[in-house]
Amino acid sequence: MMPLVLMAGFLGAGKTRFLTDIIPELAARGTRVRIILNDFQNARIDAARLGELDALVTPLNGECICCGSLRELLQTLYDVPPDPGSVMLIEANGATETDELLGHLTTDGRLAHFTLPLQLTVVDAARWQKRWWHNALERAQVSTATQLFLNWTHKLSEARRAEVEASLRETNPRAARVDAAGYATLLSDLAHEAQDDATRGGRHGLRFAAPAPLGEGEVRRKHEHPFGSASLPLPALVDRAAFERFVDGLPESVVRAKGLVRFTNEPGPMFVWHRVPGRRGVRLDKSWPHADAQPTALFIGVGMPIDLLQELVTGLASAS
Ligand SMILES: Nc1nc2c(ncn2[C@@H]2O[C@H](COP(=O)(O)OP(=O)(O)OP(=O)(O)O)[C@@H](O)[C@H]2O)c(=O)[nH]1
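Residues numbered from 1 in each chain as written. Predicted model: local features only at pLDDT ≥ 70, side-chain atom pairs only at ≥ 80, totals over all residues. Heavy atoms only, no water.

As recorded in an unreviewed UniProt entry, the protein chain goes by the name CobW C-terminal domain-containing protein, listed as coming from Gemmatimonas phototrophica. In its Function (unreviewed entry) section, UniProt records this for the protein chain: "Zinc chaperone that directly transfers zinc cofactor to target proteins, thereby activating them. Zinc is transferred from the CXCC motif in the GTPase domain to the zinc binding site in target proteins in a process requiring GTP hydrolysis." According to its UniProt record, the protein chain has this under Catalytic activity (unreviewed entry): "GTP + H2O = GDP + phosphate + H(+)". (UniProt positions renumbered as here; feature names shortened; annotations may be inferred.)

Quick look at the structure:
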């Protein structure tokens, strides 16, 4: 039996970064890591960042695991071979609503090779509950968590930290605070326990009604997701200054943007680029992507003007 962990957190909160911190910690404790990555349309961007770490990464092709891609997620989990001594982490995309999803992960009898799920939510401490109409989603992702990791804490004032802590306690009094090393220890201990005794921490003795198979479109009917996404190819090489202007000029309806990019004046490395909600400018992480990775832009938002985004990308090509 394997520990099963759902990792949630709002768009740009730092889930992938937390993964890059805990994977080496888990490896150092002798625990193998399997990861299922879900992202709107393009889990390969984050897979590129995680690929060189010592983990088995499966990017899902579909949209959102709490609605359109739930079937794909469950099928992927059914097909995981028993692998005692390892942990299974699911990185949900940042707009995922966790409650129904946890229900499926908890009650589906075909997941008997996993323990009951834990949920870690990564919280952007600086932006917590400063997201206007997305505050409810951010709270919902915290309310079902078993553990919380507080991120973006550098330059955070003591007063703001205390305010965020109080608000998190009110939203979910049961969730424990963790850091990367502590969480790796917790998961590693669970992996060893589950390996030693298949009944401990598992589903043994729990009786659930057999879940009805999910019909095509059934999940979508239950759950109307407000977020949409668009993935557009970028030119092979772009001028860096023009690219920074392009990212700064994205419309407000784009809540999160990211992708892969290569610059004309530095054509060697490929970068993973990010625009994170509430923060100006573009963030670049060096990347060592798979050979066929192409420069790309993934936009996530509500009611995005796709024609305008296409125009902006075309403008970027002529400026480069
Ligand atoms: N300075 C700083 N940068 C951070 C911090 N956390 C994340 N970042 C950067 O912010 C960007 C977004 O972080 P990710 O780890 O991709 O966030 P995510 O939650 O996986 O994002 P989604 O894919 O939108 O769900 C990356 O460039 C990170 O390196 C932080 O605490 N401080």
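Draft legend 1. Up close: the packing of helix H9 (residues 240–248) against helix H10 (residues 306–319). Taken N-terminus to C-terminus, the directions of H9 and H10 make an angle of 165°; their axes are 9 Å apart at the nearest point. In terms of axis orientation, H9 runs roughly antiparallel to H10. The interaxial crossing formed by H9 with H10 has right-handed handedness. Contacts from Ala242, Phe243 and Phe246 in H9 reach Leu312, Val313, Leu316 and Ala319 in H10. Here the residues of the contact of H9 with H10 are counted per class, giving seven nonpolar, no polar and no charged. (Axes fitted to C-alpha atoms, helices over the stretch in contact; angles between N-to-C directions. Helix = DSSP H or I, 4+ residues; strand = E, 2+ residues; numbered from the N terminus. Parallel < 35°, antiparallel > 145°, perpendicular 65-115°, else oblique. Left-handed = near helix turned anticlockwise from the far one by under 90°. Contact = heavy atoms within 4.5 Å. Nonpolar A, V, L, I, M, F, W, Y, C, P; charged D, E, K, R; others polar.)

Draft legend 2. Representation of the pattern of salt bridges in the model. Scanning all chains against the criterion turns up twelve salt bridges. Residue Asp124 is joined to Arg131 by a salt bridge in which the shortest nitrogen-to-oxygen separation is 3.7 Å. There is no split in this pair, since Asp124 and Arg131 are both buried. Here Arg131 and Glu138 are joined by a salt bridge, their closest N and O atoms 2.9 Å apart. Just as Arg131 is buried, Glu138 falls in that class too. Within the structure, one salt-bridge network assembled from shared partners comprises Asp124, Arg131, Glu138 and Arg279. (Salt bridge = Lys/Arg side-chain N within 4 Å of Asp/Glu carboxyl O. Buried < 20%, exposed > 50% of the residue type's maximum accessible area, 1.4 Å probe, protein only.)

Draft legend 3. Examining unusual backbone geometry more closely. The phi angle at Trp132 is positive, at roughly 50°, despite the residue not being glycine. Residue placement: Trp132 occurs in the loop between strand S5 (118–124) and helix H5 (135–143). In this structure Trp132 comes out as exposed when scored by relative accessible area, which is 71%. A positive phi is found at Lys155, a non-glycine position, where the angle reads about 65°. With respect to the helices and strands, Lys155 occurs in the loop between strand S6 (147–151) and helix H6 (158–171).

Draft legend 4. Just the sheet that holds strand S11 (residues 283–287), in detail. Read across the sheet, five strands follow the order S8-S12-S9-S10-S11 without closing on themselves; strand pairing throughout is antiparallel. For this open sheet the edge positions go to strand S8 (228–233) and S11, each flanked by a neighbour on one side alone. Strand-to-strand twist across the sheet, computed as the mean angle between neighbouring axes with direction ignored, equals 20°. Note: strand S9 (residues 254–263) against strand S10 (residues 266–275), six bridges, orientation antiparallel. Bridge pairing in S10 links Phe263 to Glu266. H9 contacts S9, S10, S11 and strand S12 (296–301) of the sheet and is inclined by roughly 10° relative to S10. (Pairing = 2+ DSSP bridges.)

Draft legend 5. Quick peek at empty space enclosed by the protein. Counting across every chain of the model gives one cavity of 30 Å³ or more. A volume near 40 Å³ is recorded for the largest cavity. Around the largest cavity, the lining residues are Gly9, Phe10, Ala13, Thr121, Val122, Val123, Asp124, Trp128, Arg131, Glu138, Gln141 and Val142. Sorting the residues of the lining of the largest cavity by element identifies S5 and H5 as the ones contributing at least two each. In terms of residue count, S5 provides more of the lining of the largest cavity than any other element does, four residues in total. Looking at the lining of the largest cavity, its residues break down into six nonpolar, three polar and three charged. (1 Å grid on protein atoms, 1.4 Å probe; cavity = no way out; pocket = protein on both sides within 12 Å on 5 of 7 lines; lining within 4 Å. Points joined across faces, edges and corners; volume = space filled by probe spheres on them.)

Draft legend 6. Here's a closer look at the environment of Asn151. As for its position among the elements, Asn151 is in strand S6. For Asn151, a relative accessible area of 13% gives the class buried. The spatial distance from the C-alpha of Asn151 to the C-alpha of Asp179 is 9.4 Å, given a sequence separation of 28 residues. Leaving out residues up to four positions away in the same chain, Asn151 has contacts with Ala13, Gly14, Val122, Val123, Asp124 and Ala125. Reaching out from Asn151, the side chain makes a polar contact with the backbone oxygen of Ala13 at a distance of 2.7 Å. (Polar contact = N/O pair within 3.5 Å; in protein donor to acceptor, adjacent residues only side chain to side chain.)

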